[in-house]
Amino acid sequence: MALTLEQLNGVSHEEAAEILDGLYEHSPWIAEATLAHRPFKSLPQIKHAMARVVAEAGREAQLALIRAHPELAGKAMVSKTLTAESTQEQSKAGLTDCTPQEFEKIQKLNADYNAKFGFPFILAVRGPRGTGLSKKEIIETFERRLDNPPDFEMAECLRNIHRIVEMRLNDKFGVEPTLGNLVWDWQEKLAQHSDPGYAEKGQLTVTYLTEAHRACAQRISHWMRDCGFDEVEIDAVGNVVGRYKAARPGAKTLMTGSHYDTVRNGGKYDGRLGIFTPMACVRELSRQGKRLPYDFEVIGFAEEEGQRYKATFLGSGALMGGFNPAWLDQKDADGVTMREAMQHAGLCIDDIPKLRRNAADYLGFVEVHIEQGPVLNEMDLPLGIVTSINGGVRYQCEIIGMASHAGTTPMDRRRDAACAVAELALFIEKRAAKDGDSVGTIGILNVPNGSINVVPGRCQFTLDLRAPTDAQRDALVADVLAQLKAICERRGVRHTVEETMRAAAAPSAPGWQQRWEKAVDTLGVPLFRMPSGAGHDAMKLHEVMPQAMLFVRGLNSGISHNPLESTTSDDMQLAVEAFQLLLDNLSNENS
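Residues numbered from 1 in each chain as written. Predicted model: local features only at pLDDT ≥ 70, side-chain atom pairs only at ≥ 80, totals over all residues. Heavy atoms only, no water.

(A) Quick peek at the packing of aromatic side chains. Counted under the stated rule, the structure contains 14 aromatic pairs. Ring centres of Y113 and F142 lie 5.9 Å apart, and the angle between their planes is 80 degrees; this geometry places the pair in the edge-to-face category. Of the two residues, Y113 sits in helix α8 (residues 100-117) while F142 sits in helix α9 (residues 135-145), which places them 29 residues apart along the sequence. Note on W516 and F579: the rings are 5.4 Å apart at their centroids and 80 degrees apart in plane angle, and the pair reads as edge-to-face. Here W516 is found in helix α19 (residues 510-522), whereas its partner F579 is found in helix α21 (residues 569-590), with 63 residues between them in sequence. The burial state of W516 is the same as that of F579; both residues are buried. Here the aromatic cluster, defined as three or more aromatic residues joined through ring pairs, consists of Y113, F117, F119, F121 and F142. (Phe/Tyr/Trp six-rings, centres within 6.5 Å; stacked < 30°, edge-to-face > 60°. Helix = DSSP H or I, 4+ residues; strand = E, 2+ residues; numbered from the N terminus. Buried < 20%, exposed > 50% of the residue type's maximum accessible area, 1.4 Å probe, protein only.)

(B) Main features of empty space enclosed by the protein. Counted under the stated rule, the structure contains four cavities of 30 Å³ or more. In terms of lining residues, the largest cavity is bounded by H69, P70, L72, S86, E89, Q90, F121, I122, L123, V125, I164 and R168. Those elements that provide at least two residues to the lining of the largest cavity are α7 (84-92) and α10 (150-173). Take the lining of the largest cavity: its biggest share by element is three residues, from α7. Taken together, the residues of the lining of the largest cavity sort by class into seven nonpolar, three polar and two charged. Considering only enclosed or pocket space, the second largest cavity measures out at about 40 Å³ in volume. (1 Å grid on protein atoms, 1.4 Å probe; cavity = no way out; pocket = protein on both sides within 12 Å on 5 of 7 lines; lining within 4 Å. Points joined across faces, edges and corners; volume = space filled by probe spheres on them. Nonpolar A, V, L, I, M, F, W, Y, C, P; charged D, E, K, R; others polar.)

(C) Looking closely at the pairing of strand β7 (residues 391-400). Of all 10 residues in β7, eight are buried; the element is thus mostly enclosed. Sheet topology note: the β7/strand β12 (residues 458-467) ladder contains 10 bridges and is antiparallel. Across the sheet, C397 pairs through a bridge with F461, a residue of β12. The sheet contact formed by β7 and strand β13 (residues 494-503) spans nine bridges and is antiparallel. Its bridge partner being in β13, Y395 is matched across the sheet by E499. (Pairing = 2+ DSSP bridges.)

(D) The arrangement of the layout of surface pockets in detail. Estimates place the volume of the largest pocket at around 1600 Å³. For the largest pocket, the lining is made up of 47 residues, of which E305, T312, R394, R466 and M501 are closest to its centre. Going through the elements one at a time, β7, β12, β13 and α20 (537-541) are the ones with two or more residues in the lining of the largest pocket. A total of five residues in the lining of the largest pocket trace back to one element, the largest contributor, which is β7.

(E) Focus on the environment of I138. Considering the arrangement of structural elements, one finds I138 in helix α9. Relative accessible area serves as the criterion here: at 1%, I138 is assigned to the buried category. Sequence separation between I138 and L72 is 66 residues; the distance between their C-alpha atoms is 9.4 Å.

Shown next as structure tokens:
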């Protein structure tokens, strides 16, 4: 029979310690210290409390914890001395049934890993969905993490230990993240569609109005109908729009959603998590026969990434009346205009102006998104409250010096364009860090027609400068451009700067941010407020209505725009539950 929180909170300290025994391998001190925080109101609160105990225990205790864990397919497995929990987990991943070649490979990796780090490789082999990683996935992860720096890898081991404990705790309490699993499965199935040239390599790329993009729209629309949405359509720019109608006609609307296009060779969760999380909420509302006192509009925005055409935020921008007709004449890399792509997809270009929403009809816009960064992961927190979406400016730049012979030009006579950019890059690194939450990046750096034996005479580069407020961003921009000018004057080179994008910061509406905070607090998850360094569709909606976002922790140090982008079904379950609470609380406000 599954345990309950009431039992854990009500029994003696000794009995409670026995209940939590076996979560952390041979380390009962973690449960002992955690129990000082009773009573607990949720499993997420227990999970975070245990993670904090480990974080505050110091390096030696953390190393001892890691070393208390067995190697994967190692000596303890062969000698059958694994704990019952480890035996079950390694067996579920197929590690007790390795071929001789696989076993030899893993043993070699174990030896190399121990030699480099001095502790065993730890991996939550049940995986993000809890169904078990394949041996191929385990070996690939093993090989990749061998390249990590020692401190980084130690932290990665601890995070995997906490994930192992999370699933063991779920087992003890008979908890399954059913809705998180549903959201996970939708994303896995949607990722089966990818553009040519990438699909063959097993890579995910879905750009605007390709065959894969149109297939994604159809899948999302079908799933929306299955969930019980009253109206589902694919609009004139390819947005997938689902509406769950209010109990009474004429009510205002809450809008939510995110984008379903991807960057090239990207991840499965960027954008799409923000479509499927509210879809799961509607599914539950429909199953319960429950109506809200407001219309609920969930939108899969057709384009946000600007990968095929230079029209970033096309999907959400069209709803704000921001579709630029000049975009229709843009051509992709194959010479196909946007107009031709739209016509081929069966979209009615003449209807685009009709998509503009009347902001007075809306309560606001909320968006769930994977964090796309390491902060929540490092803090062992599943959810984060977004305070503002950073404002940003981008520039296309070039420094022009003098190309000259690398062997005959003395170092003090050079007009090296690349060195000037390198100096600027180091300045940006220091200057942005002074603000704490500003960021600056030279993402592209190119020496046209460069040669190994020629001092670079030209260097083309980009600037991407972001900050949580426009004033902070503008101060960063002013300092960087002033430094660029000073570097060029001192080095005897000249420069050009062309602004290519400027986006205002989008502070969260206080009332909507507080609604997210109330929902997260109800779940027993500590509140953590943070700015978003990445741009989101919420930035466009911010132009006409109040908005606020909820972040979900990512795995693999929160990496995004990368195939390693991932999160767990447990964290997605919490995102769905937080969204349900927001909807319920809003219903009470509007009833």
